[in-house]
Each structure stands twice: as structure tokens, then as C-alpha cells.
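Chain residues, written in single-letter form:
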Amino acid sequence: MSEDRDSVRKDGIVGGSKGEHYRFTVLGDGLLRMEWAPDCVFEDRRSAFAATRDQAKIPPFEVRETHGQLEIITKRFHLTYDKQQFSAHGLYALVFGFTRSLWRFKEEGQPNLGGTYRTLDNVDGQRDIHTDRNIEIEPGVLSPKGYALLDDSKSMLFDDQKGFIDARRPGNDRIDCYLFAYGHDYRQAVKALYSISGPTPVLPRWALGNWWSRYYEYTSDSYIALMDKFKEEGIPLSVAVIDMDWHLVDDKRVKDAGQTGWTGYTWNRDLFPDPPAFMAELHKRKLQITLNDHPADGIHSYEDIYTKVAEALHHDTSKNEPIPFDCVDPAYLRAYFDIVLKSIDDDGCDFWWIDWQQGPFSRLKDVDPLWVLNHYHFLHNSKKEDVKNPIIFSRFGGPGSHRYPVGFSGDTVTTWASLDFQPEFTAMASNIGYGWWSHDIGGHMLGVRDDELTVRWVQFGVLSPIMRLHSTKNKWVTKEPWRLPPSPGSIVTSFLRLRHRLIPYLQTMNVRAANEGEPLVQPMYWEYPDKDEAYRHKNQYLFGTEMLVIPITTPQDPRVRVAKVKGWLPPGTYVDYFSGVVYEGDRELWISRSLDQYPVFLRKGSIVPLDAASTPENGGANPNSFEIILVVGADGAFEILEDREDTDDNERHRTSASLSQTNWDRTPLKYVQETGALHIGPIQSGNPINKTCQLRSWTVRLLGAAPLKVVSASQDGAPLNPYVTIEDNGLVVQLGETTMHSTVALELGPDPQLRRNEPLELIEPVLQHAQIEYDVKDKLWETLTDERVPMTVRVSRLQTLEMNPNLRLFLTEYLLADSTS
């Protein structure tokens, strides 16, 4: 082997020498870049996907080479190549530990666990209503076979010398792709993706709260009144989304120009007479603002900024001809961001909803306008003086789009089928590193009014990456909770409050996603890759490190008044978050819930910090009172992460010094099962502590815990006076106020246990309200309460009774939830 080949190998490169059409680059122990260039000219510029490829850490690897064969060996794979144009017979790899089949280059039928898709516009379930075909999910980097290929041959490039984007070199035979060969180490495969594509940014904390959105012709007064109504109802919000009617749409000037008004940059002052004052009022209510932008139709002569943009672009205005949208013209982009959008940013817009729907074509081959808009919008937002964590709101552009959160999944059809598809769709997106999807919660268009569907969709939304209510322009469509009947309305209200209470937990998961490459929502097979059940139950997912969610996506039985879902609890013992019912895991089961309940499970040792306020405020600021959810039975640990700048001080603008990298305030929570001790703090602060935040109050909810004989607490060794109450889902211990720099200890006594379920107490209310025959109820209750025989016998007898099959599933679930009951 030549010395030249040995020298480049230190950079992970094999091949690419003069006269060689192939080049390989080892970028990880399971990650290999593979290039084929008919002209022997290879691409070193960053791509839209592989934007940080040059930062990859090259692992040890071995090369074996003869005249007609090349082999590359790492600790995870062994690749063999015949030095000819890439083919299934000449380029293949063995992934160690997965020897039943080889990966072969572009062999048909290779399984893939899926990635995500550009948009769910006009999709009912998984079916496109216009084509009447299921959408084809783009691949991710995971496969049950242990290998996956990501083709990056046609993505746009970043030309750092030109300081702009560029297209690929011409030639359809060029190949630029990546082999991910991580076996069932799925998390490491996605982390490898982040290593060459860049990390997911940290979202601003307020993005984790509730977003209000509706396609509707609001006025400034009606919108402010609506926000005040939410406040009056005790429903917290953090983001105010204003759809396209903020700008001129049906105005005479638009119609005279022969335009639709789809694109616009001039405020409709009939609706919003004083835009800066309007947005200032929203900011006073601790709301961030995003405006809708459909940029495809360019800048027209009736726009306020037309003349200024024309001057910047040397555009002839004598005929009032529009300035066409051109995303691959640097001059146009400068005018678009620095003149057009800045004029509205200055009015108070915090970030933009980029509603690009016109396809993937621009003047440059394979340069997708959506990619360009997402990239430069994110840069634009990052340059604003009051922005520390940039954000945009736009559709998925392809692999690498995780660098530009948040994702807008588009205009879905309002059906149960659409709800049923969204949990799987959301979890699957993590397989391509895309962790911050925002759906039109409740559905966008068509469908029928179904209050139960609205409730179930909101429940899923609260337990999904982004919670954004949205709907189309239809007077009959409503998502405001107070416009629903009392029961569903109160349930929606309670879940929207829960979303803001969850922000302390979600913020830690937000930072974890950025720093550790762990998306908030993960498919079950990430944690249990060797369990068949983890692949079968595609709709359930891990929600951060502590929670497991099994969404209900079908309507309830009208006679039993519960809805069911088939789920899987992995090995272990779990407690239902809402009811405190204890479940033994390592089994599949039918789970039934009334409309106010939802299947969320916490394993032994789980710790979830909540905002203790039953009705949180707008904005999602750092709370001064916490409720800690703890499941005893195993050791547990958690760390609350906070940015001191997220305090509720109504200060929107920060000094330039504050825009440096975040020094997180860290509050450790540690539970030891053997001693039954929970330790809180002390806070480890990276910033000076505001004197107004020196005190914090703590409450601990022992989910599903058995009664305790003695409970004690202390602050730095000095005794506290804990107050214990019993609630339906567990024990609640109030510790009161403590100082932030102290260590708070809660002592539960050695080896505390979970309680035994009382299935009859759980069953009786549902049986009471079930719309079934009275004599059936009598027979069921007689069987259930027969204490002369063990529960297993009672369950066996139930199987012989004639009854509604969904009632049978409900009874069996609660009777057999925990083997000790």
C-alpha cells in the first residue's frame, strides 16, 4: 500500500486517489460514507444533511486491499468492495452480531424502521385524500437487520468559500451515501447521525407550553379578548400563532393586482390598526408571537416595502411588476430578511411560521426552497438581539432538518384515523433525529364534530413534543375548551394545565435532546430492541426518561363508556400516572380508560418534576413551587435544569453578555430505595441567584405508594414539619418553603412499597355508569365480591358470563393489573 493511502487513512479516508472513482470515509465505528464519482472528483463541501461531517471523531479501523478488492473493518462492521461501480454484488457489509444476512448496496427489500415525511397536508390517517394512496415514509437510519443506508447524493451544499448554498456537481451517476451499521444499538446510530449532521438545538423554554393557533380573521381586539378569556378560564398559553389574515388578503389592492393574497407583508390595518401596540399587549401577557408567511408569490407593488425592496434589488418599478421570489439569489434573500421580515420583526414578531407548500424546485437543480428557507430563517432568528435559543416553525425538508426546529406537520384531516397515525409518525421521526414535530392538535379540516375525538387528540398533544391547537377557517370548528360541553371542556382544560405543569420535566428533556442526542419521544424498540412486542406496538412511546405513553386513538364503547387500546408493558412494575393503579409488566394487555383518564405509566424509581401550581401562568417561566412525582420501589435520580433568564420578570430583552452559552442551574433529585430517602438539592448554580428566587416550596407525590408509618423531613439537618395527605393516586407530602442552596431530605422509612390495588373500588364507578342490563350488573358484582374464592377463580367465572366484550376487557385489566391484588 502506498504512503499516500496511509496518510489519508488518518482522516478516515480510503480511496479517492488519482484515477480512483470511489472514496470511503470512516466517520464512526458504525458509520461509513461511500462516494462514487465518474470523473474522480469528490465532494468535500458540507451538505444540508452532513453539515458537521468534518467534526466527526475517526475511530480505529483496518484496511485490507488487493488489486481487485478492498475491505474496511471496524469493531461494528466488515465491508467488502470489488472496486467497480457500486452494486449489490460488489459492495456489501457484514454487521457483527447480525450474521443472518448481509447489507448489500441498494438491494431491494431491505427493511427500515422508517424516518418521517415532509408534510401531512391533506392526509387522512396515512392516506393522501387526493391520490388515495398511503404516503411513503422516508427512511431513517435504523433497521431490525442492524444496517441502513442514507442517500445524500442530491441534497444541497454549503459553499463556505462563497458564503452561500450551491448545487451538486452535474452527473446522475454520482453517489454520496452513508451506511449506518450499528446493529440494534439504535440510540448510538442516531447519535452518529447527529455527529455528522449537527445537534438538535435547545428550544426556548416557552416553546414547551401551549400554542394557540386558528386560521381565522381575528382583529387585534378580538385576539386580545380571546387571550384574556383563556386567562380567565385558567388555561395557560405560551405562544400566540397568527395565521395569514394578519396581512392583506381580500383587499381591493390585492384583487386589482390579480393576486390571491396568499403571500403578503403589509398589515391589514382594518383588522390590526396598530400592529406594534397589538403585539406589545400579547407580550405583556407573556406570549411569544409567530406570524404565518407563504413566501412563494414574491413582493407585489401594493406592499408597503415594495419600493424599498425594489431599490435594493435594482428592480424596475415603472410597470408595478412584482418582484419574484428567488431563494437561490443571495441579493433577494438579503432583501427578504433584512427589509421585508425585519420591518415586521420590529413590530414585535418573535419568529416566523414558514408555510412553504410549492414543492422542492428552485432555479438550482436539487436545491429545495424549503431547505433554503428553513436554514436562513433559523440564522435570521438567531441574529435577533433578544434571542438566545433560535426557533422557526416549518415543514420537514429532509435529513438534517432537526437543526431547524420546530416542525409543522401540515393540514391533516379531522378523523380518528389521523389521530391514530400521529403517535407512530411522531415516534418514528426520531429514527432520523427529528424530535420536535408540532401537529394540528384536534385536526385541521374536513371531518365531523366529535368532542370525544377532540379530547383524545388534546391528551395526545399534551404528551407529544409540541402542544399546538389549530383548525381551519370554519365557524363551526372550535378548540376553545369553554365552547365544548362541560365534561369534555373541563377535561381539555385540565390537560392543557398539565402541559404547563410538565414544563420543568420537559425542559430537562429539551436540554437532553440537544446535549445527549436523545429526542423527547422515542419508539419502544430504542430501549427494548430484542423484544418483538416493541416493534408490534408502534403507537406507544417513551416520553422522556421517566414516562411511557400508550395513546388512545379509537372512540369509546358507548355502553361501557370507556375506550380501549392494546399495549405492552416491558419487564418491571409500573404505576398509572392518573389513577395510581399498579401494574406488573412484561406482558401485552388491553387498557381501558374513561374519557378523563389516559394511559401514562411510570416505572419504579421514576421521578418527574412538575410546576406545583394547579393553574400555571402564561409563558412557562421557572416556578418557585415544585411537585415531585416519585414511584418508590427502586432507586431513582433526576436533575431539574433551569436557565436563570427564564424567570418570570417580564423582561424580554437581554444584554449581549447574557447571550453566551447557558450556565444551567441544576437541582439534583436522588432517591434511595433501601433507606427510603429522597434528597432534593442543593441547587448548583451557574449564575448569580436572584434574591427574589431564594425560596422554593416542595411537594412530593408518592404515586401508588402504600401507607407509611413515619415520615420525616429536614433542611440541612434541621427538622421540617411535613404534612401528609392521602389522595386517589397516592400519598402527598407537603414540605413547605426551603432555601434554594440547602439540601432537603424526605425520609419515608426503609424499603417503602407500592400499595395493593383495590380493583373493586376501580370497577364500581364504571360499572355504575355502564349502559347495560341491571341483572348483568348484579351477576357481575356477585361474582366480583365473592371473597370465598381467590381472585383468579373470580376472573375465571367472569369469562363464563354473557356480557359486553369491552366490559370484559375492562374488568380483566383491573382484576389482574397487579399480581398482589
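Since this is a predicted model, take the numbers as computed values, not measurements.

Caption draft 1: Region of the structure containing the overall build of the chain. Counting its secondary structure elements, the chain contains 18 helices and 43 strands. Rg of the C-alpha trace for the chain: 29 Å, near the compact-globule value of 28 Å for 821 residues, within the 12% margin. If one aligns the C-alpha atoms of the chain with their principal axes, the spans along those axes are about 85 × 75 × 60 Å. For the chain, the residues scored as buried account for 61% of the 821 residues in total. Intrachain contacts of the chain at a sequence separation of at least 6 include 71% that bridge at least 24 residues. Of the roughly 33,300 Å² of accessible surface on the chain, 49% is carried by carbon and sulfur atoms. Averaging the positions of the 89 positive and the 116 negative side-chain charges in the chain gives two centres separated by 2 Å.

Caption draft 2: Just the packing of helix α6 (residues 306-313) against helix α7 (residues 330-345), in detail. The N-to-C vectors of α6 and α7 enclose an angle of 145°; their axes lie 10 Å apart at closest approach. Crossing handedness for the pair α6 and α7: right-handed. Every residue of α7 that contacts α6 at Lys-308, Val-309, Ala-312 and Leu-313 is listed here: Ala-331, Tyr-332, Ala-335, Ile-339 and Val-340.

Caption draft 3: Representation of the confidence of the model for the chain within the structure. Here the chain averages 94 in pLDDT, and 96% of its residues register 70 or above. Across residues 1-8, confidence stays below pLDDT 50; counting only partners more than four residues off in sequence or on other chains, it has 11 contacts. Counting contacts from residues 650-660, a segment whose pLDDT is below 50, to residues more than four positions away or on other chains yields 19 contacts.

Caption draft 4: Highlighting the nonpolar core. Counting residues in hydrophobic clusters, the biggest one holds 212 residues, and the most contacted among them are Phe-180, Trp-211, Leu-282, Leu-502 and Phe-543. Residues in contact with Leu-502, not counting those within four places in the same chain, are Val-462, Leu-463, Met-547, Val-608 and Leu-610. Residues Val-14, Tyr-81, Val-95 and Trp-103 belong to the second largest nonpolar core, which totals 26 residues.

Caption draft 5: Looking closely at the sheet that holds strand β13 (residues 148-151). Across the sheet, five strands lie side by side as β1-β2-β3-β16-β13; this open sheet has antiparallel pairing. Strand pairing shows two members of the sheet lacking a second neighbour, β1 (13-15) and β13, which therefore form its edges. For this sheet, the mean angle separating the axes of adjacent strands, direction not counted, is 20°. The pairing of β1 with strand β2 (residues 22-28) spans three bridges and is classified as antiparallel. From the neighbouring strand, Gly-15 faces β2, where its bridge partner is Arg-23. Along the sheet face, helix α2 (residues 186-197) touches β2, β3 (31-36) and β16 (175-180) and points at about 145° away from the line of β16.

Caption draft 6: Geometry of the side chain of Asp-576. Looking at the element boundaries, Asp-576 is found in strand β29 (residues 573-576). A polar atom in the side chain of Asp-576 sits 2.8 Å from the backbone nitrogen of Ser-579. Ignoring any residue separated from it by four or fewer positions in sequence, one finds Asp-576 in contact with Val-581, Tyr-583, Arg-593, Gln-597, Tyr-598, Pro-599, Val-600, Phe-601 and Leu-703.

Caption draft 7: Spatial organisation of helix α10 (residues 451-462). Here α10 contains 12 residues, and its C-alpha end-to-end distance of 17 Å stays within 8% of the 16 Å for a straight helix at 1.5 Å per residue. Judged by how many residues are buried, α10 sits mostly within the fold: 12 of 12 residues are covered. When we look at burial in α10, the residues that qualify are Asp-451, Glu-452, Leu-453, Thr-454, Val-455, Arg-456, Trp-457, Val-458, Gln-459, Phe-460, Gly-461 and Val-462. On the buried face of α10, the contacting elements are α9 (416-429), β24 (467-469), α11 (486-501), β26 (541-543), β28 (563-569) and β31 (587-593).

Caption draft 8: Representation of empty space enclosed by the protein. With the rule as written, the count across this model stands at three cavities of 30 Å³ or more. Sorting the residues of the lining of the largest cavity by element identifies β38 (695-703) and β42 (730-739) as the ones contributing at least two each. Residues of the lining of the largest cavity, tallied by class, amount to five nonpolar, five polar and one charged. In this structure, the second largest cavity encloses a volume near 40 Å³. Lining the second largest cavity, in full, are Val-141, Leu-142, Ser-143, Gly-146, Phe-180, Tyr-182, Gly-183, Asp-185, Tyr-186 and Ala-189. Looking at the lining of the second largest cavity residue by residue, the classes come out as six nonpolar, three polar and one charged.

Reading guide: rules and limits
- Residues numbered from 1 in each chain as written.
- Predicted model: local features only at pLDDT ≥ 70, side-chain atom pairs only at ≥ 80, totals over all residues.
- Heavy atoms only, no water.
- Helix = DSSP H or I, 4+ residues; strand = E, 2+ residues; numbered from the N terminus.
- Rg over C-alpha atoms; globule rule 2.2 N^0.38 Å.
- Buried < 20%, exposed > 50% of the residue type's maximum accessible area, 1.4 Å probe, protein only.
- Contact = heavy atoms within 4.5 Å.
- Areas by Shrake-Rupley, 256 points an atom, 1.4 Å probe, with all protein chains shown as cover.
- Lys, Arg positive; Asp, Glu negative; His and termini not counted.
- Charge placed at Lys NZ, Arg CZ, Asp CG, Glu CD.
- Axes fitted to C-alpha atoms, helices over the stretch in contact; angles between N-to-C directions.
- Left-handed = near helix turned anticlockwise from the far one by under 90°.
- pLDDT = per-residue confidence, 0-100.
- Core = buried A, V, L, I, M, F, W, Y, C linked by side-chain atoms within 4.5 Å.
- Pairing = 2+ DSSP bridges.
- Polar contact = N/O pair within 3.5 Å; in protein donor to acceptor, adjacent residues only side chain to side chain.
- Expected span 1.5 Å × (residues − 1).
- 1 Å grid on protein atoms, 1.4 Å probe; cavity = no way out; pocket = protein on both sides within 12 Å on 5 of 7 lines; lining within 4 Å.
- Points joined across faces, edges and corners; volume = space filled by probe spheres on them.
- Nonpolar A, V, L, I, M, F, W, Y, C, P; charged D, E, K, R; others polar.

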